[in-house]
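A structural walkthrough
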Amino acid sequence: MPRSLPDTRFFASLLPDYLAVLVVERGLAVNSVAAYRTDLERFGRWLYEQAMEATECERADLRRYLSALRAGGLSARSAARALASLRGFYRHLLEGSLAAQDPTLELESPRLMRSLPHFLSSEEVEALLAGPETERPLGLRDRAMLELLYATGIRVSELVSLRLAMLRLDPGFVRVMGKGSKERIVPVGADARHWTALYLEHVRPLHDKRNDDTLFLSARGEGMTRQRFWQLITRYGRKAGITTHLSPHVVRHSFATHLLEHGADL
């Protein structure tokens, strides 16, 4: 462990064991495990300051801890995530008979002000999809990416990570590797299949200079990045006259909203 961490039972055994369970048994992604580590190391430092072990904590102690986080400037959302990390940790201790009680039970999460996510109208989506100049190779690629993003509702990170073998245009579905390395099958609509097929036939062979199996390639033959695709969406949004905040997540939420508007089951 880093030298800056106190030498306590929490840091020596309880936390390392729990993080190992998250990786080996639950198969969480690296970023998720890192978030748990950050939250719980902060909790461990607070325990050290209080001269208290994790197994001695009661509900009132955790209330004091969460109050201290908020008083220190931590947002309600981050404090809620910290509590979620504690719930998982104490559930692990209880299941392993390492603690006699779970002090997170009946502990209320910090209140979050939830605003309704912004979404595009059907007309705005039509204008966005029509933005790329499809007579140009890169424009055709961008149109295929936008169509696939909107038609499937997948995350941008999932879109740019797609491999050729994950796409099945004939039956019309794509295999997506999501958070926590969990795979799911997502149907692909006719318009997205049409534009993706055109891209595969006329554009991708021009850019496949390195025998890369990534579905969407840059002009240099490399896989697209999240940051680059976000820039493209912003540019096409301006071209479409969309004045509100535009991001890949907005396109994803628009997909879900329009499905519900047209009678899809939640």
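Presented here is a report on the structure given in the accompanying data block. (Residues numbered from 1 in each chain as written. Predicted model: local features only at pLDDT ≥ 70, side-chain atom pairs only at ≥ 80, totals over all residues. Heavy atoms only, no water.)

**Things to note about the layout of surface pockets**
Approximately 270 Å³ is the volume attributed to the second largest pocket. Broken down by secondary-structure element, the contributors of at least two residues to the lining of the second largest pocket are helix 2 (30-49) and helix 7 (156-160). Looking at which element gives the most residues to the lining of the second largest pocket, the answer is helix 2, with three residues. Within the lining of the second largest pocket, the residues separate by chemical class into three nonpolar, six polar and three charged. (1 Å grid on protein atoms, 1.4 Å probe; cavity = no way out; pocket = protein on both sides within 12 Å on 5 of 7 lines; lining within 4 Å. Points joined across faces, edges and corners; volume = space filled by probe spheres on them. Helix = DSSP H or I, 4+ residues; strand = E, 2+ residues; numbered from the N terminus. Nonpolar A, V, L, I, M, F, W, Y, C, P; charged D, E, K, R; others polar.)

**Examining the pattern of salt bridges**
Per the counting criterion, the structure on display carries 15 salt bridges. Taking the shortest distance from any N to any O, the salt bridge between Glu41 and Arg37 comes out at 3.8 Å. Placement of both Glu41 and Arg37 in helix 2 is noted, with a separation of four residues, approximately one turn of the helix. Glu41 sits in the buried class, given a relative accessible area of 12%. Between Arg204 and Asp208 there is a salt bridge whose closest N-O contact spans 3.4 Å. Among the residues examined, Asp208 registers a relative accessible area of 28% and is labelled partly exposed. What you see here is one network of salt bridges that share partners, running through Asp39, Arg42 and Arg81. (Salt bridge = Lys/Arg side-chain N within 4 Å of Asp/Glu carboxyl O. Buried < 20%, exposed > 50% of the residue type's maximum accessible area, 1.4 Å probe, protein only.)

**Focus: the packing of aromatic side chains**
Counting across every chain of the model gives 11 aromatic pairs. Judged by centre distance (6.2 Å) and plane angle (85°), the ring pair of Tyr18 and Tyr36 falls under edge-to-face. Of this pair, Tyr18 sits in helix 1 (residues 9-24) while Tyr36 sits in helix 2; the two residues are 18 residues apart in sequence, bridging distant segments of the chain. When its relative accessible area of 2% is taken as the criterion, Tyr18 is described as buried. Between Phe43 and Tyr90, the aromatic rings sit 6.4 Å apart at their centres with planes inclined by 70°, giving edge-to-face as the arrangement. (Phe/Tyr/Trp six-rings, centres within 6.5 Å; stacked < 30°, edge-to-face > 60°.)

**Let's talk about the pairing of strand 3 (residues 183-187)**
A regular strand places its side chains so that they alternate between the two faces of the sheet. Pairing of strand 2 (residues 173-177) with strand 3 involves five bridges; the strand directions are antiparallel. Each residue of the ladder has a partner; that of Val174, found in strand 3, is Val186. What sits between the antiparallel neighbours strand 2 and strand 3 is a turn of five residues, in which Gly180 has the positive phi angle 70°. (Pairing = 2+ DSSP bridges.)

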